[in-house]
Amino acid sequence: MSPTIHKNTLLESFAKDQVNVSLGVKILKGVEIVHIAKSAGYDSLFVDLEHSTLTIKDAGQICIAALSAGVSPFIRVPHECGDGMIQKALDAGAMGVVVPHIDTVEQAQKAISITKFPPLGGRSITGALPQFDMAPIPPTITGPLLDQSGSVVALIIESGLGADNADAIANLPGADILVIGCYDLASNIGTLGEWDHPKFLCCLEKVAKACKKHDKHWGFGGLEHRPDLMDICVNEWGARWILGQQDFGLLLKAGRENSQMLKMIQKTK
């Protein structure tokens, strides 16, 4: 039997020209979140190590469970976390890393370099990888398979400078996906809360056009409150990865709705 790598649902969605929707994991450490996400219909997981207290061990356990469940896991690493953290995230079982605050070509190249194996990058070789169910497979086989589908590089554009450089960033070999962090982008360019502002929409379109020009994919997070803008991003500008709400937000929303419904049962006298 030839060695196989776990499927990457994000790349499968791209190949079918379908939207891939991720559940954000920020506070729930147990692997139960994987099956909740699967039962809820999510395609992938967005495990957040940038804005959470989750450890790399927590993320690794979630990734291993997610691989077995067929819900591909991706890890957002902290800003300027260093090459070691990115490699740990991949070795822990992530099918790709999401690198925040990419403003320049140089920053993008650095992220690609530690994520991909030579000659494209300089990732260090190791064994016992969850992407291969810990099987003892030679690195001559695992390396190309990981570069092809098990080490996706998603670069988050969160500034006006990043949007201005999107064309050059998208042109880089190994820059697989550009992701727009809508809240930080809007904050950076001075339009936070003004989601229809021409300056904000221009940045979205710049990234979309850059990805289309260089045959790359793009996605976004932070627009759940604006279905109309999501419609434009997906159906007019070709976004195919949507970072959905995180676990705490969904729990809070459902909890509020449930508590309000229960309190309404009692009739006032």
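Keep in mind it's a predicted model, so treat the numbers as computed, not measured. Along every chain, residues carry numbers that run from 1 in the direction the sequence is written. pLDDT decides what is reported in this predicted model: residues at 70 or higher carry local features, side-chain atom pairs at 80 or more are listed and counted, and totals for whole chains, interfaces and linings draw on all residues regardless. Based on all heavy atoms of the structure, the side-chain values leave hydrogens and waters out of the count.

Undergrad: Looking at this model, I keep getting lost on the overall build of the chain. Mind explaining?
TA: Numbered from the N terminus, helices here are DSSP runs of H or I no shorter than four residues, and strands are runs of E no shorter than two. Within the chain, the secondary structure is distributed over twelve helices and eight strands. Based on C-alpha atoms, the radius of gyration is set beside the globule rule, defined as 2.2 Å times the residue count to the power 0.38. Relative to the 2.2 N^0.38 estimate, which gives 18 Å for 269 residues, the radius of gyration of the chain is 19 Å and therefore close to what a compact globule would have. For the chain, the proportion of its 269 residues judged to be buried stands at 48%. Residues are treated as being in contact if the distance between any of their heavy atoms lies within 4.5 Å. Residue pairs at least 24 apart in sequence account for 65% of intrachain contacts in the chain once pairs closer than 6 positions are excluded. Areas reported here follow the Shrake-Rupley algorithm with a probe of radius 1.4 Å; residue values treat only the protein chains shown as occluding. Carbon and sulfur atoms make up 56% of the accessible area of the chain, which totals about 13000 Å². Residues scored as positive are Lys and Arg, those scored as negative are Asp and Glu, and His as well as the terminal groups of each chain are ignored. Every charge is mapped to an atom, namely NZ of Lys, CZ of Arg, CG of Asp or CD of Glu. For the chain, the distance from the average position of its 24 positive side-chain charges to the average position of its 29 negative side-chain charges is 6 Å. Buried, partly exposed and exposed residues are distinguished by accessible area as a fraction of the type maximum, computed with a 1.4 Å probe on protein chains only: under 20%, between the cut-offs, and over 50%, respectively.

Undergrad: Help me out: how do you make sense of helix α11 (residues 227-235) in this one?
TA: Since one α-helical turn is 3.6 residues long, residues separated by three or four positions face the same way. For α11, the set of buried residues is L229, M230, C233 and V234. The arc enclosing the buried residues of α11, seen along the axis, measures out at 130°, which places them on a common side. In this fold, the buried residues of α11 make contact with α10 (198-213), β7 (217-221) and β8 (241-246). The directions from the helix axis to the C-beta atoms are what the arc is built from.

Undergrad: How do you make sense of the sheet that holds β8 when you look at a structure like this?
TA: The strands that make up a sheet pair up through hydrogen bonds in the backbone, lying either parallel or antiparallel. Taken in spatial order, the eight strands close into a barrel running β1-β2-β3-β4-β5-β6-β7-β8, and their pairing is parallel. In this sheet, adjacent strand axes meet at a mean angle of 25° when their direction is disregarded. Across five bridges, the pairing between strand β2 (residues 44-48) and strand β3 (residues 72-76) is parallel. Considered in β3, the bridge of D48 is made with R76. For every element, the axis is a line fit to its C-alpha atoms; helices are fit only across the contacting stretch, and the angle between N-to-C directions ranges from 0 to 180 degrees. The sheet contacts of helix α9 (residues 182-189) involve β6 (177-181) and β7, and relative to β6 the element is tilted by about 65°. When DSSP finds two or more bridges between two strands, those strands count as paired.

Undergrad: Where do I start with the state of the cysteines in this structure?
TA: Two cysteines, two sulfur atoms, one covalent bond between them: this is a disulfide. Two cysteine sulfur atoms make up a disulfide if the distance between them is within 2.5 Å. This structure, assessed with the given rule, holds zero disulfides. Of all cysteine sulfurs, the one in C81 lies closest to C63, which takes part in no disulfide; the gap is 14 Å. C63 gets classed as buried once you look at its relative accessible area, which sits at 0%. As a non-bridged cysteine, C203 has C202 as the owner of its nearest cysteine sulfur, 5.9 Å distant.

Undergrad: When you look at the nonpolar core in this model, what are you seeing that I'm missing?
TA: The nonpolar side chains of a soluble globular protein tend to be buried with one another. One finds L45, I75, L155, F200, W218, F220 and L223 to be the most contacted residues of the largest nonpolar core, which totals 62 residues. Counting residues per element, this core draws most heavily on α10, which supplies seven residues. Sequence-distant contacts of I75, defined by excluding residues within four places in its chain, comprise V47, L49, A59, C63, A89, A94, G96, V97 and V98. For this analysis, a nonpolar core means a set of buried residues of the types Ala, Val, Leu, Ile, Met, Phe, Trp, Tyr and Cys, connected via side-chain atoms within 4.5 Å. Core analysis: the second largest hydrophobic core is formed by 20 residues, V98, I137, A154 and I177 among them.

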